[in-house]
Amino acid sequence: MVELLTTETIWYSLFWFYLMAAVTISALVFGFMTFVVLRYRTKSRNPAPSDPIDEDFRLGVSPKRGGVIPVLVIVGGLAVLFFGLTLSTFHANEVMEDVSHSGDPAPLKIRVEGYQWGWIFVYPNGKKLDGELIVPVGKAVQLEITSRDVYHAFKAPDFKIMKDAIPGRLNYAWFRAVEEGEYLVQCYELCGVGHARMIAKIKAVDPGTFQNWYTS
Amino acid sequence: MSHGGNEHVGGPNPLISWLFTTNHKNVGVLYLVTSLYFLVVAGVLALTFRLQLSEPNNVILGPDAYNRAMTLHGLFMLLWVTTPLGAALANYFVPIQIGAKDMAFPRLNALSYWLYLSSGIVALSSFFAPGGTADWGWYTYQPLASLRYSPQIGGSMMAFALLLLLASTTVGTVNFIVTIFRLRAPGMKILNLPLFSLGWLATNLILLWAFPAFMAPLILLVTDRLLGTVFYTSAEGGPLLWAHLFWFFGHPEVYILLIPGLMAVGDIIAVSGRRAVYAKPAVWVALLVASFQSWVVWAHHMFQSGIHTGLREAFNITTELISIPFAVIVIAFLLTLVGGRIRITTPMLFALGSLALFIIGGASGVFNSSVALNIGLHGTFWVVGHFHYTIVGGGITGLVAAIYYFWPKMTGRLFSETLGKIHFVVHMVGFNLLYFPMHMLFDMPRRVYTYVVEAWGPVNMVITIGAFTFAAAWALFFAILFHSLARGSKAPDDPWDAAPYSLEWNIPSPPPEFNFPHGIPSLSPTGKISWITTNGASPSEHSHPHLSPWPFIVSVGTSLIGVGLFMSPPMTVLGLAAFVAAIVGWAYDDLKDRFKVVIEAIGEKWPFERDNNFSLGMWTLVIGEVALVGPIFSGYVFARANSLLTGFRWPAPGEVHPIELGLLNTIILTTSGLTATLAYLASKKGERGRTVLSLTATLALGLAFLGIKAFEWWELHAHGITFGTDIASSFYYVLTGIHASHLLAGVLVLPYLILKAHKGGYDGGKAPGIEMFAIYWGFVDIVWLFIFPSFYLL
Ligand code: HEM
Ligand SMILES: [Cu+2]
Ligand SMILES: [Cu+2]
């Protein structure tokens, strides 16, 4: 069976890429910091009046300290790094954002309505579920997200999808469950006292079961 | 702080001298004590909710209590703790570092502090208001924070307290900008300033536009809640209007929190390594570049709100780019140490620690900036980890380093280095236990009072243990400071061998009232310090013309108004009376020339040599005002653009607001602009009669304008068009209301100016009061020139 594209795999591979870059850069900086401190550290310091180091140590700008080159190296180096990171981000974003990249010509379209405090899922045939979204495994699902009252945020962390649910606005996201099971849906924007309990689940079932339920 | 009021202020009663002081060092100490007190309050709140979160399905705090504690914690730490802590050290040390005897406007400086305190009092009182305080999180998303979903009075009180705080800070900002630009010692160029002062200047340049820009959406919130306007409840304004305006302030705010600490770290590094700062001009340019960049990144807090993809990608790029100037700063600090002789002291340990934590926070910020990764990270504990690393790690840990560094100078006492080093270890261990594991919770939503996913439990437990360890570090910190006050050995003038690096290490610890006993400091082109001796003492040591009761009384008034407005009307009346009395008293002091400001005649004033302190102050304030009115206008544009989508029809020209009346008022106001200018010109020539005449004409025209405006409002109300009729009427009332109240303030000042001119107070050809008035009046005129077409013609 060909491996189906999922939003979470795209997200995680991007995340590891960023993490590698971050760990490498911070390791370099921390290494340099440790080196400098250990190398130039002194226990007893009684600078002689003629200590040459002191000459530059005064109010204002030292003419001898600091060149353009290190600054350009930092700016240039980071710019190149960010160029790479950004390109891969944009690529990932394009896929995660647009259901047409899912490879599914007929994704299941669901309307999601947040309210204080729960989630309602409306299917194309008018079926409506509160607190549970049943989807067939393998199918791309496109969500149209909005709110009935205050600002909420829809997120299913296992699929790494999220969009704010804003009254009067529609936002879109898509995902695909490749394994049967139950997945968490929760509100990720403070929306009042019920915020922490504004939880629903995505239930991924095999396509046959789904079809039976959907047409019943 | 043990030296109390006596040493700085003198006078018979130490309590009175603390309350009425205008000396920058005393004000600094007041800020320090108050902000640390608020830090403890907000910290204890955090401990309560960390306890609640230590295990899944815990029941220590319910959702109500949790939301309030969390909101108060966030607002206090960001607005009432971190910036004021920086302001505390800045008040004490910026005047000294630039070589001034005090701030440019000492009474305004005291006013800033007292308004800050009263805003804090109002904010804390809101906790005890019926229904509790704000519970909507520090960024106050709409419409949750509207009256419909959060009717509690405490919420409106909090909004009022915030306005008061922003006003207080803006007063301080104007003061610092004038002080730093115009009160520097001879030879002290901007780039000669130590990094802390340089950073404080950069911070204030951001504060100047960012805080008024926050007042804009807050004013709309307050009118929504108190007067029934519909900015955030209508489809044309709505939640996104708030979100855009809020984050336009929100991102600059995080730099405001960071820069003072980060720049103090730079000084401490230079001093401990005994090296000149590496590439100091590049550090300064990086700060300025970052300030400009902070104008164009706000949407990275709204990546999931449905902003158009292309725009989001643009904000992705601008956001990444902000790490470049900060990388330049960090690397410059590290290169500073190369070739140095590093002495590892407690301040140096904290400085290095702060830098390390900031690097981690910067790295996680780059993850957030990715539009794709942001989908997984937004709204989770990862973000909480990120901003605590930057703010508490970079900003506050840096300020702890700065407190240690400056402590011997402020108190004249040394602290225990051994205890300081232990404190450092506990601080770092606690900090990292507390905030690092948050990055592992990148699936867990933030701001939940509890959670059901068992797997998140253990990490949360570690975080809570970290929180208590970190709290212990703070307790130890305070113990060390008290120990030093009580038992510390006497500090020398220059405990860090930093005399060549910065002026404060060349004067006694603690410094005398007017800072420089050896004369006026001056700098050679190579940065060597020498002293210009003045024969003749500084202003009389025995009289105390620099005490003023009015700032304190203003603050009593505003506190009473703030609490009374929401809880007890008689209290409001009392507050109003105190407020008016204080303003009148203040003006009377001025009329009689009772209050003396100590300012040296010579000094470095680039690039404002041609201005005077008053005109520069007024120009600065006007920039702040533009930053206040501008966002409201952009809100107006936003709402009108949205109307095209929602189908709301804005009234046609002349349909609601009669064009003739608008035109008449436009003519009246522009004429008054002319008369105000004439008054200024006449006063410069010392022509008393023409000055009085022009001022009186201005007053008459101003009153005429207000009369017509009042008539228009009256007519509108009579036709049933109120604040809450629709988004168009909301904007009309609020914008014209803000404009009219500015005009009213000017009209109230005019009688004073007329009186003073009439008595010959401006005969000498020097009339800063009239010059300031003319600048202000011109600004008010120009705002009208935007309002008129927006509501009457378009
Ligand atoms: C070095 C480069 C930095 C980058 C690229 C960066 C990026 C970001 C981004 C994209 C967010 C939004 C995260 C989200 O909610 O989805 C964010 C949040 C935040 N950042 Fe940074 N940041 C940086 C540095 C800083 C600094 C220096 C500070 C403060 C001193 C700071 C404080 C904050 C705060 C307070 C928030 C969260 C606000 C909230 O949601 O309550 N950041 N940052
Ligand atoms: Cu919620
Ligand atoms: Cu930001």
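Quantities reported herein were computed from a predicted structural model and do not represent experimental measurements.

Quick word on the pairing of strand E8 (residues 171–176) of chain A
Residues and elements named next belong to chain A.
Here is step 1: Burial analysis of E8 places 5 of its 6 residues in the buried class, which makes it a mostly covered element.
Here is step 2: Here strand E5 (residues 140–147) pairs with E8 via 6 bridges, running antiparallel. Bridging from a neighbouring strand, Leu143 pairs with Ala173 of E8.

Digging into the coordination of the copper ion (ligand 3)
Residues and elements named next belong to chain B.
Here is step 1: Taken together, the protein ligands of the copper ion (ligand 3) are His251 (ND1), His300 (NE2) and His301 (NE2), with distances of 1.8 to 2.1 Å.
Here is step 2: Positions of the donor residues of the copper ion (ligand 3) along the chain correspond to the pattern H-x48-H-H.
Here is step 3: The iron atom of ligand 1 is placed at 4.8 Å from the copper ion (ligand 3).

Some words on the coordination of the iron atom of ligand 1
Ideal donor angles around a metal are set by the shape: a four-donor tetrahedron calls for 109.5 degrees, a six-donor octahedron for 90 or 180 degrees.
Here is step 1: On the protein, B:His386 (NE2) is the one donor atom to the iron atom of ligand 1, at 2.1 Å.
Here is step 2: With respect to the helices and strands, B:His386 occurs in helix H14 (residues 381–411).

Thoughts on the environment of B:Trp242
Residues and elements named next belong to chain B.
Here is step 1: Positionally, Trp242 belongs in helix H8 (residues 238–273).
Here is step 2: Taking C-alpha positions, Trp242 is 8.9 Å from Leu218, a pair spaced 24 residues apart along the chain.
Here is step 3: If near-sequence neighbours (up to four positions away) are discounted, Trp242 is found in contact with Tyr139, Thr140, Tyr141, Gln142, Phe214, Pro217, Leu218, Leu221 and Tyr232.
Here is step 4: There is a polar contact of 2.9 Å between the side chain of Trp242 and the backbone oxygen of Tyr139.

Some remarks on the pattern of salt bridges
All names here are of chain B.
Here is step 1: Applying the stated criterion to the full structure yields 17 salt bridges over all chains.
Here is step 2: Here Glu417 and Lys421 are joined by a salt bridge, their closest N and O atoms 3.6 Å apart. Here Glu417 and its partner Lys421 are both found in helix H15 (residues 417–435), 4 residues apart, which amounts to about one turn of the helix.
Here is step 3: The partner of Asp763 in a salt bridge is Arg688, and the shortest N-O contact between them spans 2.6 Å.

Here's the deal with the domain arrangement of chain A
All names here are of chain A.
Here is step 1: Structurally, chain A comprises domain 1 (7–42 + 52–97) and domain 2 (106–215).
Here is step 2: One C-alpha centre belongs to domain 1, the other to domain 2; they are set 39 Å apart.
Here is step 3: Between domain 1 and domain 2, the residue contacts involve 7 residues of the former and 8 residues of the latter.
Here is step 4: For the pairing of domain 1 and domain 2, the buried interface totals around 660 Å² over both sides, and the portion due to carbon and sulfur atoms is 52%.
Here is step 5: When the area that domain 1 buries against domain 2 is broken down by residue, the three leading residues are Thr7, Glu8 and Glu97, summing to 62%.
Here is step 6: Between the two partners, domain 1 and domain 2, sit 0 salt bridges.
Here is step 7: Viewed at the interface, domain 2 and domain 1 are joined by 4 residue pairs in polar contact (both at pLDDT 80 or more).
Here is step 8: Contributions of two or more residues to the side of domain 1 that touches domain 2 are made by helix H1 (7–39) and helix H2 (68–97).
Here is step 9: Top contributing element to the side of domain 1 that touches domain 2 by residue count: H1, with 4 residues.
Here is step 10: Of the residues assigned to the side of domain 1 that touches domain 2, the class counts are 4 nonpolar, 1 polar and 2 charged.

Re the domain arrangement of chain B
Residues and elements named next belong to chain B.
Here is step 1: For chain B, the domain assignment lists domain 1 (23–521) and domain 2 (659–794).
Here is step 2: Taking the mean C-alpha position of each, domain 1 and domain 2 sit 38 Å from one another.
Here is step 3: Counting residues at the interface gives 11 residues for domain 1 and 8 residues for domain 2.
Here is step 4: Of the roughly 760 Å² buried between domain 1 and domain 2, counting both surfaces, carbon and sulfur atoms make up 87%.
Here is step 5: The three residues of domain 1 that bury the most area against domain 2 are Leu227, Val230 and Phe231, which together make up 50% of that side's buried surface.
Here is step 6: Viewed at the interface, domain 2 and domain 1 are joined by 0 salt bridges.
Here is step 7: Taken together, the connections running from domain 1 to domain 2 amount to 1 residue pair in polar contact (both at pLDDT 80 or more).
Here is step 8: Here the residues of the side of domain 1 that touches domain 2 sort into 5 nonpolar, 5 polar and 1 charged.

What counts, and where the lines are drawn
Residues numbered from 1 in each chain as written. Chains lettered and ligands numbered in written order. Predicted model: local features only at pLDDT ≥ 70, side-chain atom pairs only at ≥ 80, totals over all residues. Heavy atoms only, no water. Buried < 20%, exposed > 50% of the residue type's maximum accessible area, 1.4 Å probe, protein only. Helix = DSSP H or I, 4+ residues; strand = E, 2+ residues; numbered from the N terminus. Pairing = 2+ DSSP bridges. Donors = N, O, S within 2.8 Å, 3.2 Å for Na, K, Ca; no water. Contact = heavy atoms within 4.5 Å. Polar contact = N/O pair within 3.5 Å; in protein donor to acceptor, adjacent residues only side chain to side chain. Salt bridge = Lys/Arg side-chain N within 4 Å of Asp/Glu carboxyl O. Domains from an automatic or database assignment. Buried area = accessible area lost by both parts, 1.4 Å probe. Nonpolar A, V, L, I, M, F, W, Y, C, P; charged D, E, K, R; others polar.

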